[in-house]
Amino acid sequence: MNILISRRIFAATVMGMAVLLAATGGLRAGTSDDPASTSADSALTFIQSLGDQAVEALRDNIESPFEEREAAFRKVMVSGFDIPIVGRFVLGRHWRTATKEQRREYMAIFVDFIVRVYASRFDSYGGELFTARSVIDDESGDKIVRAQIVRPSGGDPIGIDFRVRMRDEGYKVIDVTVEGISMLHTHRVEFASVINRKGIDGLLSDLRARAEAPIRNAAE
Amino acid sequence: MSESLPRRPAPPRAICFLAALRHHLALVLIAVALLGFAADGRAQDPYAANDPLEDVNRAVFEFNQAVDSIVLKPLAELYVFVLPQEVRHRITNVLRNLGEPLNLVNNLAQGKFERAGSTLSRFAINSTVGVGGVFDVATDWGYERTPEDFGQTLESWGIGEQPFLMLPILGPSNPRDAIGFGVDMVADPMGYLLTGEAGLARSITSGVSQRAQYLDELETLESTSVDFYAAMRELYRQYRATEIRDGAPPTVLEIPDFDFDEEFDDEWFEE
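Residues numbered from 1 in each chain as written. Chains lettered and ligands numbered in written order. Predicted model: local features only at pLDDT ≥ 70, side-chain atom pairs only at ≥ 80, totals over all residues. Heavy atoms only, no water.

## Details of the overall build of chain B
Then, in step 1: Helix and strand counts for chain B come out as 11 helices and 2 strands.
Then, in step 2: Counting helices and strands in the order they occur from the N terminus, chain B gives α-α-α-α-α-α-β-β-α-α-α-α-α.
Then, in step 3: The 271 residues of chain B split such that 41% are buried.
Then, in step 4: The contacts of chain B with a sequence gap of at least 6 include a subset with a gap of at least 24, amounting to 68%.
Then, in step 5: When the accessible surface of chain B is totalled, it reaches about 14,500 Å², and 63% of it is carbon and sulfur. (Helix = DSSP H or I, 4+ residues; strand = E, 2+ residues; numbered from the N terminus. Buried < 20%, exposed > 50% of the residue type's maximum accessible area, 1.4 Å probe, protein only. Contact = heavy atoms within 4.5 Å. Areas by Shrake-Rupley, 256 points an atom, 1.4 Å probe, with all protein chains shown as cover.)

## Thoughts on the overall build of chain A
Then, in step 1: Within chain A, the regular secondary structure consists of 7 helices and 5 strands.
Then, in step 2: Along the chain direction, N to C, the helices and strands of chain A fall in the order α-α-α-α-α-α-β-β-β-β-β-α.
Then, in step 3: A burial count over chain A gives 50% of its 220 residues as buried.
Then, in step 4: In chain A, once contacts between residues fewer than 6 apart in sequence are set aside, the share between residues at least 24 apart is 55%.
Then, in step 5: Counting only carbon and sulfur atoms, one obtains 55% of the accessible surface of chain A, whose full area is about 10,800 Å².

## So, the nonpolar core
Nonpolar side chains in soluble globular proteins tend to end up buried together.
Then, in step 1: Judged by nonpolar contacts, the single largest core of 67 residues is most densely connected at Tyr106, Tyr118 and Phe162 of chain A.
Then, in step 2: With 13 residues, the top contributor of residues to this core is helix H6 (residues 100-125) of chain A.
Then, in step 3: If near-sequence neighbours (up to four positions away) are discounted, phenylalanine 162 of chain A is found in contact with Ile47, Phe130, Lys143, Ile144, Val145, Ala147, Val173, Asp175 and Val176 of chain A.
Then, in step 4: In this structure, Val60, Phe61, Leu221 and Tyr236 of chain B belong to the second largest nonpolar core, which totals 11 residues. (Core = buried A, V, L, I, M, F, W, Y, C linked by side-chain atoms within 4.5 Å.)

## Quick word on a nonpolar patch on the surface
Then, in step 1: Side chains of Ile70, Val71, Leu72, Leu75, Leu78, Phe81 and Val82 of chain B sit close together on the surface and give an oily, nonpolar patch of about 710 Å² of accessible area.
Then, in step 2: Residue placement: leucine 78 of chain B occurs in helix H2 (residues 54-82). (Patch = residues over 30% accessible without salt bridge, like charges linked within 9 Å, V, L, I, M, F, W, Y side chains within 5 Å. Salt bridge = Lys/Arg side-chain N within 4 Å of Asp/Glu carboxyl O.)

## A short note on H6 of chain A
Then, in step 1: Spanning 26 residues, H6 of chain A covers 38 Å between terminal C-alpha atoms, matching the ideal 38 Å at 1.5 Å per step.
Then, in step 2: With 20 of 26 residues buried, H6 of chain A is to be regarded as a mostly interior element. (Expected span 1.5 Å × (residues − 1).)

## Here we look at the packing of aromatic side chains
Residue and element names in this part refer to chain A.
Then, in step 1: Following the criterion strictly, the structure yields 12 aromatic pairs over all chains and no others.
Then, in step 2: Ring centres 6.5 Å apart and planes at 75° place the aromatic pair tryptophan 95 and tyrosine 106 in the edge-to-face group. Separated by 11 residues along the polypeptide, tryptophan 95 in helix H5 (residues 94-97) and tyrosine 106 in helix H6 bring together distant segments of the chain. Assigned by exposure class, tryptophan 95 and tyrosine 106 land together as buried.
Then, in step 3: On the numbers, 6.3 Å between centres and 85° between planes, the contact of phenylalanine 110 with phenylalanine 191 is edge-to-face. In this pair, phenylalanine 110 is assigned in helix H6 and phenylalanine 191 in helix H7 (residues 183-212), connecting sequence segments 81 residues apart. In this structure, phenylalanine 110 and phenylalanine 191 share a single accessibility class: buried.
Then, in step 4: Through a chain of ring-to-ring contacts, three or more aromatic side chains come together here, namely Trp95, Tyr106, Phe110, Phe113 and Phe191.
Then, in step 5: The side chain of arginine 188 reaches across the aromatic face of phenylalanine 89, ending 4.6 Å from its centre. (Phe/Tyr/Trp six-rings, centres within 6.5 Å; stacked < 30°, edge-to-face > 60°. Lys NZ or Arg CZ within 6 Å of the ring centre and 35° of its normal.)

## Focus: the sheet that holds strand S4 (residues 170-178) of chain A
Residue and element names in this part refer to chain A.
Then, in step 1: Across the sheet, 5 strands lie side by side as S1-S2-S3-S4-S5; this open sheet has antiparallel pairing. This sheet does not close on itself; its edge strands, each paired only once, are strand S1 (129-137) and strand S5 (181-182).
Then, in step 2: Where S4 and S5 come together, 2 bridges link them in antiparallel fashion. Paired with valine 178 across the bridge in S5 is isoleucine 181.
Then, in step 3: Across the sheet, helix H2 (residues 41-60) is in contact with S1, strand S2 (143-150), strand S3 (158-167) and S4; its angle to S1 comes to roughly 155°. (Pairing = 2+ DSSP bridges. Axes fitted to C-alpha atoms, helices over the stretch in contact; angles between N-to-C directions.)

## Focus on the confidence of the model for chain B
All names here are of chain B.
Then, in step 1: Residues with a pLDDT of 70 or more make up 81% of chain B, whose mean pLDDT is 85.
Then, in step 2: Low pLDDT (under 50) marks residues 1-9, which in the prediction has 0 contacts with non-local residues, meaning those over four places away or in another chain.
Then, in step 3: Note on the complex model: pTM 0.79, ipTM 0.77. (pLDDT = per-residue confidence, 0-100.)

## Focus on unusual backbone geometry
All names here are of chain B.
Then, in step 1: Backbone geometry at asparagine 50 places phi at a positive 40°, although glycine is not the residue there.
Then, in step 2: Summarising the element assignment, asparagine 50 is placed in the loop between helix H1 (13-38) and H2.
Then, in step 3: Look at glutamine 162: it is not a glycine, yet its phi comes out positive at around 70°.
Then, in step 4: Its place among the elements puts glutamine 162 in the loop between helix H6 (150-156) and strand S1 (165-167).
Then, in step 5: Residue classification places glutamine 162 among the buried positions, given a relative accessible area of 10%.

## Regarding the pairing of S4 of chain A
Residues and elements named next belong to chain A.
Then, in step 1: Burial analysis of S4 places 9 of its 9 residues in the buried class, the great majority of the element.
Then, in step 2: Bridging between S3 and S4 involves 8 bridges; their strand directions are antiparallel. Counted as the bridge partner of arginine 167 is glycine 170 from S4.
Then, in step 3: With antiparallel pairing between neighbouring strands as the criterion, S3 and S4 make up a hairpin whose turn holds 2 residues.
Then, in step 4: Between the end of S4 and the start of S5, which pair antiparallel, lie 2 residues, with glutamate 179 showing a positive phi angle near 50°.

## As for helix H4 (residues 83-91) of chain A
Then, in step 1: Along H4 of chain A, 8 of the 9 residues are buried, which leaves the element largely enclosed by surrounding structure.
Then, in step 2: Where H4 of chain A is buried, its residues contact helix H3 (66-80), H5, H6, S3, S4 and H7 of chain A.

## Quick notes on the environment of glycine 133 of chain B
Residue and element names in this part refer to chain B.
Then, in step 1: By the secondary structure assignment, glycine 133 is in the loop between helix H4 (113-128) and helix H5 (137-140).
Then, in step 2: Accessibility expressed as a relative area gives 2% for glycine 133, which makes it buried.
Then, in step 3: For the pair formed by glycine 133 and asparagine 97, sequence separation is 36 residues and the distance between their alpha carbons is 5.3 Å.
Then, in step 4: Once residues lying within four places of it in the same chain are set aside, the contact partners of glycine 133 are Arg90, Asn93, Val94, Asn97, Asn126 and Ser127.

## A short note on the packing of H4 of chain A against H7 of chain A
Residues and elements named next belong to chain A.
Then, in step 1: Relative to each other, H4 and H7 sit at 65°, their axes nearing to 8 Å. The residues of H7 that touch H4, namely those facing Val86, Phe89, Val90 and Leu91, are Leu184, His187, Arg188, Phe191, Ile195 and Leu203.
Then, in step 2: Partitioned by chemical class, the residues of the contact of H4 with H7 number 8 nonpolar, 1 polar and 1 charged. (Nonpolar A, V, L, I, M, F, W, Y, C, P; charged D, E, K, R; others polar.)

Dropping the structure here:
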């Protein structure tokens, strides 16, 4: 049948191509990444240092329970992130309908929640190598620092983009995009979904439950 | 059809059933996808859920979670427990190599000829020098992996994602990707080389291996999200958008410089 013949031709073509490419392929070796732009050194240094501190916070306390690692991680995160901007953005239009008490309560719980989210996520990568690689100037005025986490366990490296904004106190992170997925965007949609079904107080109690939940110790 | 024509020996009944199922599944996917098209909410807000079938989708998600906890997750955990990381990595390589012909077809369908060339080179190199894909020699030689599927091809032809769909077993999707998945199943050149048990083994290994790669991530996500369904829906959307952009960074969201120097006050946050 034709299918059999075409399969043979296909196989033969593939083999032929393979031999050719195997002979010439070595010539294309060694395409390297662009070196980081020097004009954006300070943003790059900021993220590299923040990443190193975060890795250290989790690694130095590797023998301790998760709560202690989280507390060390929290200090790093609160100093490096503009948490009020993040929290306000994530609540979206619901900020306006929230009462003053709800806003205060939300901001207080949001810090605990966001620290828990990032600490558990970074903790699960485990003893990783963190490298800030390059900086993109965004038209918003913010800088996007592209970083990579290489896991000792192998597997594909994880690409993380930090969106960094210059504030009075220096650079602050306002969004983290893991493999193209914006944490801010995801949380905003998720929070809106909870508010639509349970109202703002429902969101507040759900956030509190998540932030206070006991967590399994990923390092063990 | 004449009975006197020479025929190949009949494959076992189970395999006939699976082969038929494959084509039926493709048809079912397309039917479901058309339902999704009909329900399109056409939301413009980037934060809108665009999920008109949310009640059904949530029910399907519950079902999927139950199936996952009974079947897929235990299999994935066993896979990780039994096989060392190095072996699992090699298996992933082999599976990816088997996916290259379909990547090639979709790269060509999108007019991405340079990527198509890279894909063809990868398949040729890794199938031979890389011993059937066990070793990803092509990446070391500078030929990057350029995965494409028919959902992405449809997007490049101007067919948007449409509303969210949670498919039974297959998980998060949308009409574009559901049709894409159906077409990929039928169009995959490897599907015609690996028939019967080989094809089945490939599908099962691929499912288990992919689930195994997300064991920790999904557990962390579930334990830290306030609405796991909404989080998965959003993750899927952004993940697919990233694949469609071939890994380029996403469009940056507009994040205003909220002023927090004063006490909380209504007028700060007028947008």
